[in-house]
Amino acid sequence: MPYAESIGIDDTFVMLAAWRRTSVKMDVPERMGQMLSEAAVSITITSFTDMISFFIGIFSPFPSVRIFCTYSGFAVCFTFMWHITFFAACVAVAGYAEQKNLHSVVCIKVEPLSRSGEYWVSLHSMMSLKVEL
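Predicted model only: the values in this text are computed from it and were never measured. (Residues numbered from 1 in each chain as written. Predicted model: local features only at pLDDT ≥ 70, side-chain atom pairs only at ≥ 80, totals over all residues. Heavy atoms only, no water.)

Student: Summarise the UniProt feature "transmembrane region" (unreviewed entry) in the protein chain; cite the residues concerned and give the values.
Tutor: The UniProt entry lists residues 39-59 and 71-94 under the feature "transmembrane region" (unreviewed entry), expressed in the numbering used here. Taken end to end, residues 71-94 is 100% helix and 0% strand, and its first and last C-alpha atoms sit 32 Å apart. (UniProt positions renumbered as here; feature names shortened; annotations may be inferred. Helix = DSSP H or I, 4+ residues; strand = E, 2+ residues; numbered from the N terminus.)

Student: Describe a nonpolar patch on the surface, naming the residues involved and giving the relevant values.
Tutor: On the surface, Val105, Val106, Ile108 and Val110 cluster together to form a nonpolar patch covering roughly 350 Å² of accessible area. Here Val105 shows up in the loop between helix H3 (63-99) and helix H4 (117-127). (Patch = residues over 30% accessible without salt bridge, like charges linked within 9 Å, V, L, I, M, F, W, Y side chains within 5 Å. Areas by Shrake-Rupley, 256 points an atom, 1.4 Å probe, with all protein chains shown as cover. Salt bridge = Lys/Arg side-chain N within 4 Å of Asp/Glu carboxyl O.)

Student: Please set out H3 residue by residue, giving values where relevant.
Tutor: Here H3 spans 52 Å end to end across 37 residues, near enough to the 54 Å set by a 1.5 Å rise per residue. Of all the bends in H3, the greatest, near 40°, is centred on His83. (Expected span 1.5 Å × (residues − 1). Bend = angle between axes of the 7 residues up to and from the residue.)

Student: Could you give an account of the environment of Lys109, naming the residues involved and the relevant values?
Tutor: Note that Lys109 resides in the loop between H3 and H4. C-alpha separation for the pair Lys109 and Ala97, spaced 12 residues apart in sequence, amounts to 9.2 Å. Apart from the residues lying within four places of it in its own chain, the contact partners of Lys109 are Lys100, Asn101 and Leu102. Within polar-contact distance, the side chain of Lys109 engages the backbone oxygen of Lys100 at 2.9 Å. (Contact = heavy atoms within 4.5 Å. Polar contact = N/O pair within 3.5 Å; in protein donor to acceptor, adjacent residues only side chain to side chain.)

Here it is, written out as structure tokens:
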């Protein structure tokens, strides 16, 4: 089970790397289009070659290999569909939050990095404090 799921996780990194290469000044639909046009080719090729490899393994004479290959082939198929639909939607939601300067975890308004100089100084001074026991 972990093997089949770890095959598709590289698609996540490919999509996030493509997202980070887009300009922050672009609208979210434009960034999504550029990200998907760049990442979709490599995701599709790797997923289909993995699926074909596993589905060929279904013809093995060993029942355990057939079961493993069946499970893994469908898991790769599901992971591909998950990346193209749900994960891409999550990236779009994160893009809209980034555009509105919302915190990525708690979704509250934060200052842009260019105006957060005072906060950085106070955070830096808090981190440099030494606690003695």
